[in-house]
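Secondary and tertiary structure notes
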Amino acid sequence: MTSNHTNVLVIGAGISGIGVACRLRRELPGREFAILERREAIGGTWDLFRYPGVRSDSDMFSFGYEFRPWNELKVLADGRSIREYVAATAREYGVDKSIHYGLKVVAADWSSERQRWTVTALREATGETETWTCSFLVTCTGYYDYDRGYRPEFPGADRFEGELIHPQHWPAGFDHAGKRVVVIGSGATAVTLVPAMAETAEHVTMLQRSPSYVFSLPSVDRITATLKKFLPADLVHRMTRRRNIVVQQAMFKAARRFPGPVRKLLLAGVRRGVGPEFDLSHFSPKYAPWDERLCAIPDGDLFTALRTGRASVVTETIDTFTPTGIRLASGRELPADVIVTATGLNLQALGGAAVSVDGVPRDLHEVCTYKSVLLEGLPNLAWVFGYTNASWTLKVDLAAGYLVRLLGHLDRTGQAVATPVDHAANATTEGVVDELSSGYIQRAKGIMPRQGRDFPWRMVMDYRHDRKALLSDPIADGILEFTPATTPSPATSA
């Protein structure tokens, strides 16, 4: 077993972890940090998912980092481009040299006496264990299980003689050309896979139990392209980013306040895309807009695939898999050479690591988030969780900015430990993402941290609110409790 110490330990080298590390390097250049990454490459989600057509479902001008502009004109970028963008950002700020690959964090314990975290990491390639200690722990592990995607128990699945694939575990080099494909699902992954596979497949059927809201975005931001001809690139980026943030927030708030008109607007867009003869019930959910996340498609590619007959949609339930496809509850048979189960994710908190304080286990479902960055009763622990109603990275940028402010406050005031303490029993039974009705959210009710009644114990999912709360409001607010250093802390710097 090997042991290491650093001042700040970041878990995860995906878009969140690299964003936090770059903020630390830029704004606290003297502070020592390290990054532990389970995989053997930078990218996190964007290194894991390799299915056909994989791309962002948020516009890249707000999904990219605020401190390093996304300079291409793609609105919804492909997975490879995003992976390269994250890796290039890490190289530009030199944080790639601080990444330790192949280490899965399995446990973290806080010692009040030593005022540090002890993190246990497994080197999966060899089975060896490494121990890391740190003064401040930052978890950037996302919110789902990288080992297992969610696949329901389908009757007869073991009888199917073709290829059965979950998008989270796409086989390298798999060729679907000329094959009959059924994609089970209606969310962001399904609406991405269908047009991408339809380019070479014999035919692709999107089989859904119930529809999702789908809307088209231009693949290229022509307004930004025009502005770049006349204005400095940095100014244009700031203008585009600000515009897209405002549009995202306005759309979400409008959907919550005026669900009927927003529904009509979304369905009108579908009608324009699929044509007058298409059965619109396949894109008419029973729930209101933004009860689940909306599915964005570039240049209406899904609608084009449906309109040209290269793909089709079936809205029905499954009776059983057969050796040659799927039999539906109606008795109809869907022949298939390939079945893709785009049926969602399994959620987990902190990458599945066990967390304890002074050896006493802490159940994360029993704690509230504080300003949606720290966790109640857990000292010197940041939990970086992005937006679910806007670009994930918007919140990552704000959380990283808050973390830099908090570390600076500790340095200036001679404090060593910051702990959010709830003296007023604010906790409710709601989870932090319970407002969405998506299946993967509902399956995780007993996993994710809780919501409190009011801010700062409630995650508000509002960029304008959070920008003020995290980047401007005082660090010392009477809720965050501070403890001075009790023993010298090795390997720290201001």
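Here, every reference points to the structure presented above.
Definitions and cut-offs
Residues numbered from 1 in each chain as written. Predicted model: local features only at pLDDT ≥ 70, side-chain atom pairs only at ≥ 80, totals over all residues. Heavy atoms only, no water. Phe/Tyr/Trp six-rings, centres within 6.5 Å; stacked < 30°, edge-to-face > 60°. Helix = DSSP H or I, 4+ residues; strand = E, 2+ residues; numbered from the N terminus. Buried < 20%, exposed > 50% of the residue type's maximum accessible area, 1.4 Å probe, protein only. Pairing = 2+ DSSP bridges. Axes fitted to C-alpha atoms, helices over the stretch in contact; angles between N-to-C directions. Left-handed = near helix turned anticlockwise from the far one by under 90°. Contact = heavy atoms within 4.5 Å. Nonpolar A, V, L, I, M, F, W, Y, C, P; charged D, E, K, R; others polar. Expected span 1.5 Å × (residues − 1).

**Looking at the packing of aromatic side chains**
Centre-to-centre distance and the angle between the planes together describe a pair of aromatic rings. If you walk through the whole model with that rule in mind, you get 19 aromatic pairs. Geometrically, the ring pair formed by F154 and F321 is stacked, given 5.2 Å between the ring centres and 20 degrees between the ring planes. With a gap of 167 residues between them, F154 in the loop between β7 (144-149) and β8 (163-165) and F321 in strand β14 (residues 318-322) connect regions that are remote in the sequence. Each member of the pair, F154 together with F321, is buried. Aromatic pair F252 and W290: ring centres 5.5 Å apart, planes at 75 degrees, arrangement edge-to-face.

**Details of the pairing of strand β2 (residues 33-37)**
Counting buried positions over the five residues of β2 gives five, a clear majority of the element. With burial as the criterion, each face of β2 is covered, one bearing F33, I35 and E37 and the other bearing A34 and L36. As defined by bridge partners, β2 adjoins strand β3 (residues 99-101) across three bridges and the pair is classed as parallel. Of the residues in β3, the one forming a bridge with E37 is Y101.

**Details of the sheet that holds strand β16 (residues 333-335)**
The strand order β14-β15-β16 describes an open sheet built from three strands, whose pairing is antiparallel. Only two strands of the sheet have a single partner each, and these edge strands are β14 and β16. For this sheet, the mean angle separating the axes of adjacent strands, direction not counted, is 20 degrees. Here four bridges tie β14 to strand β15 (residues 325-328), and the two strands are oriented antiparallel to one another. Within the sheet, the bridge partner assigned to T320 lies in β15 and is R327.

**A few points about the environment of R450**
In this fold, R450 is placed in strand β26 (residues 450-452). Sequence separation between R450 and W117 is 333 residues; the distance between their C-alpha atoms is 23 Å.

**Re helix α5 (residues 188-198)**
With respect to burial, α5 is a largely interior element, nine of its eleven residues being buried. Within α5, the full set of buried residues consists of A190, V191, T192, L193, V194, P195, A196, M197 and A198.

**Points about the packing of helix α1 (residues 15-27) against helix α10 (residues 392-413)**
Two numbers describe how α1 lies on α10: the axes approach to 9 Å, and their chain directions differ by 35 degrees. At the point where α1 passes α10, the crossing takes the right-handed sense. Of the residues in α10, those in contact with I15, S16, G19, V20, R23, L24 and E27 of α1 are W392, T393, V396, D397, A400, L403, V404 and L407. In terms of residue class, the contact of α1 with α10 is built from nine nonpolar, three polar and three charged.

**Observations regarding the sheet that holds β8**
On the basis of which strands lie adjacent, the open sheet formed by five strands has the order β8-β17-β9-β10-β13 and parallel pairing. What marks the edges here is a single partner per strand, and that holds for β8 and β13 (311-315). Each neighbouring strand pair of the sheet contributes to a mean axis angle of 20 degrees, computed without reference to strand direction. Taken together, the five bridges between strand β10 (residues 203-208) and β13 define a ladder with parallel strand orientation. By the bridge assignment for β13, M206 is matched with V313. Contacts from α5 reach β9 (180-184), β10, β13 and β17 (338-341), with the element oriented near 165 degrees to β10.

**Things to note about helix α4 (residues 79-92)**
For α4, built from 14 residues, the straight-helix expectation of 20 Å at 1.5 Å per residue is met to within 8% by its first-to-last C-alpha distance of 20 Å. Burial analysis of α4 places ten of its 14 residues in the buried class, the great majority of the element. Among all positions of α4, only G79, S81, I82, R83, Y85, V86, A87, A88, T89 and A90 are buried. At its buried positions, α4 is contacted by α1, α2 (45-48) and α3 (60-63).

**Quick word on unusual backbone geometry**
A cis amide bond links F455 to the next residue, P456, at an omega of 15 degrees. A positive phi angle, close to 55 degrees, is found at D358, a residue other than glycine. Mapped onto the elements, D358 comes out in the loop between β19 (354-357) and β20 (360-361). Although it is not a glycine, A425 sits at a positive phi angle of roughly 50 degrees. Along the chain, A425 turns up in the loop between β24 (415-420) and β25 (427-431).

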